[in-house]
Amino acid sequence: MKLKKFGSTEQRVYDLVKPITDELGYFLWDVAYEKEGAMWYLRVFIDQDEGISIDDCERATRPINDILDREDPISQSYVLEVGSAGLERELVKPEHFEVCMGDEVRVHFIRAVDGVKEITGILSGADKESVTVTDENGQEKSYALSDISYVKLYMEFE
């Protein structure tokens, strides 16, 4: 199950960076290689149980930058950003869904499903074809991955 495509550049960077984040005690959440305007950005998202601080990002950036300079997996220039996956992080890999089982999520649909574009509830299941969410009434409902734009952790802020 993967809601987003993981390009070959992202996979190569993921494979290079994962041993470093593991050694530093961080969970490598995701890698994104994206163009914004005229610039390319390589974003490495990390996490740990205690959360991620700016010091954690700095601590991880140096060795990540060193391996990327040495291995040179990207031929063009880019900006490297190492940061937290965030409180309302997107779930895109099977391990994300496993780790977040029982957490509140927001599911956004490509087009309205049962008359709504978005639902929130407790993540109660996920497989290669669907995501199951339990609503506030305890009712479970499964949604096809093909109907889903994204699934993110949900935090209600006052």
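Everything in this summary refers to the structure shown in the same document. (Residues numbered from 1 in each chain as written. Predicted model: local features only at pLDDT ≥ 70, side-chain atom pairs only at ≥ 80, totals over all residues. Heavy atoms only, no water.)

Moving on, we get to a nonpolar patch on the surface. Where nonpolar side chains cluster on the molecular surface, the patch consists of Leu87, Met155 and Phe157 and spans about 320 Å² of accessible area. With respect to the helices and strands, Met155 occurs in the segment after strand S8 (148-153). With a relative accessible area of 34%, Met155 lands in the partly exposed category. (Patch = residues over 30% accessible without salt bridge, like charges linked within 9 Å, V, L, I, M, F, W, Y side chains within 5 Å. Areas by Shrake-Rupley, 256 points an atom, 1.4 Å probe, with all protein chains shown as cover. Salt bridge = Lys/Arg side-chain N within 4 Å of Asp/Glu carboxyl O. Helix = DSSP H or I, 4+ residues; strand = E, 2+ residues; numbered from the N terminus. Buried < 20%, exposed > 50% of the residue type's maximum accessible area, 1.4 Å probe, protein only.)

Its 18 residues place the ends of helix H2 (residues 54-71) 26 Å apart at the C-alpha level, agreeing with the 26 Å of an ideal helix rising 1.5 Å per residue. Along H2, the helix axis deviates most sharply at Thr61, where the bend reaches about 25°; the proline Pro63 sits within four residues downstream. Of the positions making up H2, those classed as buried are Asp56, Cys57, Ala60, Ile64, Ile67 and Leu68. Packing partners of the buried residues in H2 comprise helix H1 (8-24), strand S2 (39-47) and strand S3 (79-84). Put simply, Ser53 is the residue that caps the front of H2, since its side-chain oxygen is 3.3 Å from the backbone nitrogen of Asp55. (Expected span 1.5 Å × (residues − 1). Bend = angle between axes of the 7 residues up to and from the residue. Contact = heavy atoms within 4.5 Å. Polar contact = N/O pair within 3.5 Å; in protein donor to acceptor, adjacent residues only side chain to side chain.)

Within the secondary structure, Asp56 sits in helix H2. Buried Asp56, no salt bridge; nearest opposite-charge side chain is Arg59, N-O distance 4.8 Å. Here Asp56 is in contact with Tyr26, Ile46, Gln48 and Gly51, once residues within four sequence places are set aside. (Lys, Arg positive; Asp, Glu negative; His and termini not counted.)

Okay, the nonpolar core next. Val13, Leu42, Val44, Ile46, Ala60, Ile64 and Leu68 are the most contacted members of the largest nonpolar core, which has 21 residues in total. Looking at this core, the elements that each hand over two or more residues are H1, strand S1 (27-36), S2 and H2. With six residues, the single largest contributor to this core is H1. Look past the residues within four positions of Val44 in its chain and what remains in contact with it is Val17, Leu28, Asp30, Ile64, Leu80, Glu81, Val82 and Gly83. In this structure, Leu91, Cys100, Val131 and Ile148 belong to the second largest nonpolar core, which totals 18 residues. (Core = buried A, V, L, I, M, F, W, Y, C linked by side-chain atoms within 4.5 Å.)

Time to look at the sheet that holds S1. Pairing within the open sheet is mixed, and its three strands lie in the order S1-S2-S3. Edge positions in the open sheet fall to S1 and S3, since each of these has one partner strand only. Going from strand to strand, the sheet's axes swing by 20° on average, the running direction of each strand aside. Pairing of S2 with S3 involves six bridges; the strand directions are parallel. Bridge pairing in S3 places Leu42 opposite Leu80. Where H1 meets the sheet, its contacts fall on S1 and S2, and the angle it forms with S1 comes to roughly 145°. (Pairing = 2+ DSSP bridges. Axes fitted to C-alpha atoms, helices over the stretch in contact; angles between N-to-C directions.)

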